[in-house]
Each structure stands twice: as C-alpha cells, then as structure tokens.
Amino acid sequence: MEDKNILKAVLFDLDGVIVDTAKYHYKAWKWLADRENIYFDEIINERLKGVSRMASLEILLEESDKPYTQQEKESMCTLKNNQYLKMIEVLTPEDILEGVVDFLKELKSNGIKTAVCSASKSAKYIVDRLQLNAYFDWIVDGNDVTRPKPDPEVFEIGYTKLDCRSQESIVVEDAFAGIEAAQILGIKTVGIGDIKNLSNADLLFKNIKEINLNNILERLDFFRR
Ligand code: BG6
Ligand code: MG
C-alpha cells in the first residue's frame, strides 16, 4: 500500500495513440523505399514507431547495400517528410481515435494534467488540426528533444513541464521504444496495441476506447484522489 501514489499526469504519445498517423508514416516510408528499390514491410515498420525521422531512415537502410552520404540521407528524410506532410493535410477532428476525447475529459474533470510527448516534429501541427489544444497542458515534440525514444528525454521534459514527478505520471504509448523510454524513468506504462509488439507494457489495451480511470488506477497501483 505504501507504494501507491496519486496520479497527477498522463503523458500521451501522439502518432498511433491519439490519431492514426502511423499509417501515413508507413505509406510515406514505403513510397521512399520503393523509389530507392529497398525492401520494406509492416514488420520492419514496427521498429520505426516512436523513433525519430533519421533513426527511422537508418533502420530502413539496413535492407540496402548501397552506401549513402549524410547529405543523401538528409534529402531522403526531407522527401519522406514532404510526402507525409501532404498526407496529413487532410486531418480533421474526425480523425481523433475513438475514446480519446472521453478519456481526456475524464482526466480534466479529475484534475489530472495531460501532455503530448511525441518524437514528431509535426506534433503541434497535428494537435492544431485535430483541434485538441484545449485538452493538453503541454506539448513536447521532436523539435524540443535532442535524443530520440527509447531515450527518455521527451517524457522527462513532459512531466517536468507539468510540475509533476515520474512516479505521479503514466505514459500511454503504441511503440515498444516509447514504453522502454518511460520505464527507464520508472513511469508506469499503458500500451495501446498488440501484445506481440508491446510485451513490455505494464498494462495493455487493444485501443484507447477501452481505457478509463477505473480500469487503470488500481492496476497500476495508484490511489484515487
Ligand atoms: C513518431 C512516429 O511519433 O514520430 C515515428 O511514431 C516518426 O514513426 C517520428 O518517425 C518522427 O516524426 P516526424 O513527423 O518528425 O518525421
Ligand atoms: Mg506512436
């Protein structure tokens, strides 16, 4: 019982948790891989989730024998990102994943702070397009961090900006690298997705609409306020 804390902050990953932009990242990388004649599939793509743009490209290039200069890699990242940006221009509040707004409202009404902690440099743009700004107390994005997940920097900034401690926070993530990052800081984790990709999560749900405070507090050893 003494181990229990009060939950004060929920740190959300964005891509694949709040909105299904993960599918657009995949399509844009697939487009680039096909252009370069590099094999790429959804299994390799799982390893790209949560990691930075350049780290994603490095994983994709493991399938290629051709050496690429740093400059070529930078241009490939730009090409991929331009494709991706075109795809996400169509995002509207209707693309928010089912259950997200209900959970955010529940957190607000219980006085629990929220942040987006994303590796994406487009995170603020996406939150704007989804018209979700009012629900988040802070957004940490790929421009604010120097080290990509699984480095825990993004979450460390998140709970600090919310004036909370790691043990008063939880992380909601769809990426193995994101769960790893949170666990380095001792933050309890809620995985969204499949056990085969997220075996490291403390709690796992198929999708965010299954989450509410009742079904996470007790199971993650938090007291209710
Ligand atoms: C993460 C995604 O949220 O952001 C990764 O899961 C992506 O797939 C990363 O590579 C970086 O995104 P961006 O938009 O800065 O290229
Ligand atoms: Mg994600």
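Note on numbering: residues in each chain are counted from 1, in written sequence order. Numbering of ligands from 1 and lettering of chains from A proceed in the order in which they are written. Local features in this predicted model are restricted to residues of pLDDT 70 or higher, and side-chain atom pairs are both shown and tallied only at a pLDDT of 80 or more, whereas totals for entire chains, interfaces and linings draw on every residue. Side-chain descriptors were evaluated using all non-hydrogen atoms of the structure, hydrogens and water having been removed beforehand.

1. Considerations on the site of ligand 1
Neighbouring ligand 1 are 14 residues; Asp 15, Gly 50, Arg 53, Ser 120 and Lys 121 lie closest to it. Think of a polar contact as two N or O atoms within 3.5 Å of one another; within protein, one of them needs to be a possible hydrogen donor and the other a possible acceptor, and neighboring residues in sequence only count if both atoms come from side chains. Within the backbone of Val 51, one N or O atom sits 2.9 Å away from an oxygen atom of ligand 1. The accessible surface values rely on the Shrake-Rupley method and a 1.4 Å probe; as for residues, cover is taken only from the protein chains in view. For ligand 1, whose unbound accessible area comes to 390 Å², protein coverage reaches 96%. Charged residues are taken to be Asp, Glu, Lys and Arg, nonpolar residues to be Ala, Val, Leu, Ile, Met, Phe, Trp, Tyr, Cys and Pro, and polar residues to be all remaining types, Gly included. Residues of the shell around ligand 1, tallied by class, amount to four nonpolar, six polar and four charged. Of the domains in this structure, domain 1 (5-19 + 93-223) and domain 2 (22-88) are the two that each give at least three residues to the shell around ligand 1. One heavy atom suffices: a residue is near a molecule or strand as soon as one of its heavy atoms comes within 4 Å of it. An automatic or database domain assignment is the source of the domain bounds shown.

2. Some details on the packing of helix H3 (residues 53-60) against helix H4 (residues 70-88)
It is at 10 Å that the axes of H3 and H4 come closest, and there the two elements cross at 105°. Looking at the two axes, H3 sits roughly perpendicular to H4. Packed against H3, whose contacting residues are Arg 53, Met 54, Leu 57 and Glu 58, the element H4 presents Gln 70, Lys 73, Glu 74, Met 76, Cys 77 and Asn 81 at the interface. Looking at the contact of H3 with H4 residue by residue, the classes come out as four nonpolar, two polar and four charged. Structural elements are reduced to axes, namely lines fitted to C-alpha atoms, with helices fitted over the stretch in contact, and the angle between N-to-C directions of any two is expressed from 0 to 180 degrees. Numbering of helices and strands runs from the N terminus; a helix is a DSSP stretch of H or I covering at least four residues, while a strand is a stretch of E covering at least two. Put simply, angles under 35 degrees are roughly parallel, angles over 145 are roughly antiparallel, angles from 65 to 115 are roughly perpendicular, and the rest are oblique. Pairs of residues are marked as contacts when any of their non-hydrogen atoms sit within 4.5 Å.

3. Description of the domain arrangement of the protein chain
Here the domain parsing of the protein chain yields domain 1 (5-19 + 93-223) and domain 2 (22-88). Between the C-alpha centres of domain 1 and domain 2 there is a distance of 25 Å. Taken together, the 14 residues of domain 1 in the interface contact 11 residues of domain 2. Accessible area, probed at 1.4 Å, shrinks when two parts are joined; the buried area is that loss added up over both. Summing the contributions of domain 1 and of domain 2, the shared interface buries around 990 Å²; its carbon and sulfur component is 55%. The term salt bridge refers to a side-chain nitrogen of Lys or Arg lying within 4 Å of a carboxyl oxygen of Asp or Glu. Connecting domain 1 to domain 2 are zero salt bridges. Joining domain 1 to domain 2, the criterion identifies one residue pair in polar contact (both at pLDDT 80 or more). Broken down by element, the side of domain 1 that touches domain 2 gets its largest block of residues, three residues, from helix H6 (residues 123-129). Taken together, the residues of the side of domain 1 that touches domain 2 sort by class into six nonpolar, three polar and five charged.

4. Some words on helix H8 (residues 176-184)
Within an α-helix, residues lying three or four positions from one another point in the same direction, as the helix has 3.6 residues per turn. Buried means the residue's accessible area, taken with a 1.4 Å probe over protein chains only, is under 20% of the maximum for its type, while exposed means over 50%, and partly exposed covers the values in between. When H8 is considered as a whole, its buried residues turn out to be Ala 177, Gly 178, Ile 179, Ala 181 and Ala 182. Each element contacted by the buried residues of H8 is listed here: helix H7 (153-161), strand E5 (169-173) and strand E6 (188-192). Gly 186, located one to two residues past H8, shows a positive phi value of around 75°.

5. Some thoughts on the coordination of the magnesium ion (ligand 2)
Donor atoms (N, O, S) are those found within 2.8 Å of the metal centre, with the cutoff raised to 3.2 Å for Na, K and Ca; water is not part of the atom list, so apparent gaps in a site can occur. Around the magnesium ion (ligand 2), the protein supplies Asp 13 (OD), Asp 15 (O) and Asp 174 (OD) as donor atoms, at distances of 2.0 to 2.1 Å. Site description for the magnesium ion (ligand 2): donor spacing in sequence, D-x1-D-x158-D. Taken together, the residues Asp 13 in the loop between strand E2 (9-12) and helix H1 (22-35) and Asp 174 in the loop between E5 and H8 connect sequence positions 161 residues apart. No difference in accessibility class separates Asp 13 from Asp 174, as the two residues are buried.

6. With respect to the environment of Val 172
Looking at the secondary structure, you find Val 172 in strand E5. Exposure remark for Val 172: the relative accessible area of 1% places this residue in the buried category. C-alpha separation for the pair Val 172 and Glu 63, spaced 109 residues apart in sequence, amounts to 31 Å. Sequence-distant contacts of Val 172, defined by excluding residues within four places in its chain, comprise Val 10, Leu 11, Phe 12, Asp 13, Val 17, Val 190, Ile 192, Ile 208 and Ile 211.

7. Remarks on the pairing of E2
Every second residue of E2 is oriented toward a common face, with Ala 9 and Leu 11 on one face and Val 10 and Phe 12 on the other, all of them buried. Note on pairing: two strands pair once DSSP finds at least 2 bridges between them. Where E2 and strand E3 (residues 113-117) come together, four bridges link them in parallel fashion. Residue pairing across strands places Ala 9 opposite Lys 113, the latter belonging to E3. Taken together, the four bridges between E2 and E5 define a ladder with parallel strand orientation. Within E5, the residue paired with Ala 9 across the bridge is Ser 169.

8. Observations concerning the side chain of Thr 114
Structurally, Thr 114 can be placed in strand E3. Contact partners of Thr 114, with chain neighbours within four places excluded, come to Val 10, Phe 12, Leu 104, Leu 107, Lys 108, Tyr 135, Phe 136, Asp 137, Trp 138 and Leu 162.

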